[in-house]
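So the chains spell out like this:
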Amino acid sequence: MKSGATVSIPIAMLFKKYYCHKCGERLKRQKGTQVLRPGDLGYEAAERELFHNHRIVGKSGPISVTEYVFRCPSCDTTVTFDEQEDIAIKQKYAGSHIL
């Protein structure tokens, strides 16, 4: 039985256009979901985020954690949002999508 789920997506990822630094193609969002069980690395951080630092007695079970990353449809490159933000700044100053 799942005790909860968390979803993490930056708002800019929904509205801003980002481009691949290798081929110049527009990037798509890709959802990655993993199930954390008590004792797994990152379980306690996900539990704190889910329950807002309030421990619920008897509610320790698996937590489904969903995060989004960017994926290029043509060259199949995967980039995190933070990495892509740095790349987008470099693309802007270079005046080109391909670096």
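Look a little higher up for the structure.
Just so you know, these numbers come straight off a predicted model, no measurement behind them.

**With respect to helix α2 (residues 43–51)**
Looking at α2, one finds that the buried residues are Y43, A46, E47, L50 and F51. Taken down its axis, α2 places every buried residue within 115° of arc, on the same side. In this structure, the buried side of α2 is in contact with β1 (4–8), β2 (28–36) and β3 (63–71). After α2 finishes, the residue H52 shows a positive phi value of roughly 50°.

**Regarding the packing of aromatic side chains**
According to the stated counting rule, one finds three aromatic pairs in the structure shown. The interplanar angle of 35° and the centroid separation of 6.4 Å between the aromatic rings of F70 and F81 together place this pair among those described as tilted. One end of the pair, F70, is in strand β3; the other, F81, is in helix α3 (residues 81–94), with 11 residues separating them in the sequence. In terms of burial, F70 and F81 fall into one category: buried. Taken together through their ring pairs, the aromatic side chains of Y18, F70 and F81 make up a single cluster.

**What to know about the pattern of salt bridges**
Summed over all chains, the structure comprises one salt bridge. Put simply, R71 and D76 hold a salt bridge, and the shortest N to O gap is 3.0 Å. A relative accessible area of 27% places R71 in the partly exposed class.

**Describing the nonpolar core**
One finds M13, Y18, C20, L27, F70, C72, F81 and A88 forming the largest nonpolar core, which totals eight residues. Apart from residues no more than four positions distant in its own chain, C20 is found in contact with E25, L27, C72, C75, Q91 and H97.

**Details of the environment of I98**
Position of I98 among the secondary structure elements: in the segment after α3. On the basis of relative accessible area, I98 is assigned to the partly exposed category, the value being 45%. Each C-alpha atom of the pair I98 and G24 lies 5.2 Å from the other, and the pair is 74 residues apart in sequence. Setting aside chain neighbours within four positions, we find I98 in contact with H21, K22, C23 and G24.

**Topic: a nonpolar patch on the surface**
A contiguous nonpolar surface patch, about 360 Å² in accessible area, is contributed by I11, L14 and F15. Here I11 shows up in helix α1 (residues 11–15). Here I11 falls in the exposed class, since its relative accessible area comes to 58%.

**Some words on the side chain of Q91**
With respect to the helices, strands and loops of the structure, Q91 is situated in helix α3. For Q91, the side chain forms a polar contact with the main-chain oxygen of Y19, separated by 3.0 Å. Excluding residues that lie within four positions of it along the chain, Q91 makes contacts with Y19, C20, H21, Q84, S96, H97 and L99.

Calculation criteria
Residues numbered from 1 in each chain as written. Predicted model: local features only at pLDDT ≥ 70, side-chain atom pairs only at ≥ 80, totals over all residues. Heavy atoms only, no water. Buried < 20%, exposed > 50% of the residue type's maximum accessible area, 1.4 Å probe, protein only. Helix = DSSP H or I, 4+ residues; strand = E, 2+ residues; numbered from the N terminus. Arc of directions from axis to C-beta. Contact = heavy atoms within 4.5 Å. Phe/Tyr/Trp six-rings, centres within 6.5 Å; stacked < 30°, edge-to-face > 60°. Salt bridge = Lys/Arg side-chain N within 4 Å of Asp/Glu carboxyl O. Core = buried A, V, L, I, M, F, W, Y, C linked by side-chain atoms within 4.5 Å. Patch = residues over 30% accessible without salt bridge, like charges linked within 9 Å, V, L, I, M, F, W, Y side chains within 5 Å. Areas by Shrake-Rupley, 256 points an atom, 1.4 Å probe, with all protein chains shown as cover. Polar contact = N/O pair within 3.5 Å; in protein donor to acceptor, adjacent residues only side chain to side chain.

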